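# What the coordinates show
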Amino acid sequence: MPEHNKMRVAVVTTFPPGMGSLNEYAFHFVRALGTKGEVSEVILLVDEQQEGRYDPALLPAGGAPVAFDVCWRFDDWRNPWRIRQAVKKHRPDVVLFNLQFATFGGRKGPAALGLLTPLLIRWLGIPTMVLLHNIMETVDLRSAGYAAHPLMERLIRTFGRVATRAILQANLVALTIPVYVDILKATYGADNVLLAPHGTFDHDLPEDVPPLPEGPLQIMTFGKFGTYKRIEALVEAFSHLQSNGRGPLELVIAGSDSPNAAGYLSEVQTRYEHVPNVRFTGYVAEEDVPQIFGEAAVVVFPYTSTTGSSGVLHQAGSYGRAAVLPDIGDFAQVIREEGYTGEFFEPDDPASLREAIARVVDDPEHRDRLGRQNLQAARGLPIDEVVDWYIFHLENLLQKKSRKRAAASG
């Protein structure tokens, strides 16, 4: 492909070693994006972080160059203006946003205002595409930590609808769950929404379920905790499992606090310090993720609700691990449609959770069957192929822009 036909793609996102939501998805997406022959440069418009610096060396050598522009900050009211200025400076051919409703802030104002950014960028005349990982209509605002009172919930949903309409002003909006597409079409009359596959994070997928290391069987959970991801029931279930004469077990809590629940993990760790064999890892750097999943006998999802397709579920599948999860909301739909499986439990019910974990821990053959099916599901759509889907649609946007220019000048 001639160089002048290649795209310069800007991506507005969080990114490792920053700890913002969706950073891991962005890491694997950008790794694949930079290898595509249709892309001449990737410009990452990323958030400021308290520790660490963005390191291009984490990305594959030999692909398109990747530049970092640290141009926005979580909970900053100025984010739309700052990102707009960065886009004006770089003048990319297209801008892709990797978003969920809390990407730009834990406080309501900055979070909502940040979601106006795709509209501002399109006003610059630059084609925009949004990958939206959740929608307001399906988020349980109370369990997600955004609305403690009914009045606040109504206000947030009102502003959420305004923000959704602004997001829908982008040229294209991609969603990873079919019902999200249906809701936006029915509620907003949107004709620019598309169903996008989530994809499996790229690494060398094993041929079969990898063997577990020597030592205690590890029961692992991974994420940002404190809102709809809570670990009290999991710790109580684990405590009971240890008391029933099984072989040695270890509970691994891998991850950090949700931005809306600062101090949560520290408080839980103190409350349950009497429970032995519980390990809190803190934030897991991207290079340490393979070890965390590789050592886990089972990955548990202690969620009371869901807010979109689960990257952790796709990771568990790509490492051939069994899952224990609630059969609710988006999880149920992803499992049915993408071929994942697991043992299921009732949310906030330690007894149900304990029984589900026990069915995996106590039966190695069953555990391997679950891991094997999840591995097969993960093989179905690697993120490298997902990125090809985005390239196709971004090229179409540029072609439409060229035809409009030609028509205007002719």
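Coordinates for the structure precede this section.
Procedures and definitions
Residues numbered from 1 in each chain as written. Predicted model: local features only at pLDDT ≥ 70, side-chain atom pairs only at ≥ 80, totals over all residues. Heavy atoms only, no water. Helix = DSSP H or I, 4+ residues; strand = E, 2+ residues; numbered from the N terminus. Rg over C-alpha atoms; globule rule 2.2 N^0.38 Å. Buried < 20%, exposed > 50% of the residue type's maximum accessible area, 1.4 Å probe, protein only. Contact = heavy atoms within 4.5 Å. Pairing = 2+ DSSP bridges. Axes fitted to C-alpha atoms, helices over the stretch in contact; angles between N-to-C directions. Core = buried A, V, L, I, M, F, W, Y, C linked by side-chain atoms within 4.5 Å. Lys, Arg positive; Asp, Glu negative; His and termini not counted. Salt bridge = Lys/Arg side-chain N within 4 Å of Asp/Glu carboxyl O. Phe/Tyr/Trp six-rings, centres within 6.5 Å; stacked < 30°, edge-to-face > 60°.

### Quick notes on the overall build of the protein
Looking only at helices and strands, one finds 14 helices and 13 strands in the protein. What you see for the protein is a C-alpha radius of gyration of 22 Å, in line with the 22 Å of a compact globule of 410 residues. The 410 residues of the protein split such that 54% are buried. By sequence separation, contacts in the protein at least 24 residues apart represent 75% of the contacts at least 6 residues apart.

### Some remarks on the sheet that holds strand S4 (residues 94–99)
Reading across from one edge, S3-S2-S1-S4-S5-S6-S7 is the order of the seven strands in this open sheet, with parallel pairing throughout. Of all strands in the sheet, those bounded by a partner on one side alone are strand S3 (66–72) and strand S7 (193–195). Strand-to-strand twist across the sheet, computed as the mean angle between neighbouring axes with direction ignored, equals 25°. Strand direction decides the pairing type here: strand S1 (residues 7–12) and S4, joined by four bridges, are parallel. In the sheet register, Val9 faces S4, and the bridge partner there is Val94.

### Some words on the nonpolar core
Grouped together as the largest cluster of nonpolar side chains are 60 residues, with contacts concentrated most on Leu45, Leu132, Val173, Leu175, Met220, Phe222 and Phe293. It is helix H6 (residues 178–188) that provides the largest number of residues to this core, a total of five residues. Residues in contact with Leu45, not counting those within four places in the same chain, are Ala10, Val11, Val12, Thr13, Asp69, Cys71, Trp72, Ile83, Ala86, Val87 and His90. One finds Phe29, Val42, Leu44 and Leu394 within the second-largest nonpolar core, a separate group that totals 35 residues.

### Structural notes on the side chain of Arg367
Structurally, Arg367 can be placed in helix H13 (residues 364–379). Buried within the structure, Arg367 lacks any salt-bridge partner; Asp368 is the closest side chain of opposite charge, at an N-O distance of 4.9 Å. Leave out the neighbours within four places in its chain, and Arg367 touches Leu212, Leu217, Ala297, Ala322, Val360 and Val361.

### A look at the packing of aromatic side chains
Under the defined criterion, the tally for this structure stands at 10 aromatic pairs. Pairing Phe15 with Phe68 gives two aromatic rings, centres 5.6 Å apart and planes at 65°, and the pair type is edge-to-face. Of this pair, Phe15 sits in the loop between S1 and helix H1 (23–33) while Phe68 sits in strand S3, placing them 53 residues apart in sequence. Note on Phe68: relative accessible area 22%, which makes it partly exposed. Grouped by ring-pair contacts, the aromatic residues Phe15, Phe27, Tyr54 and Phe68 constitute a single cluster.

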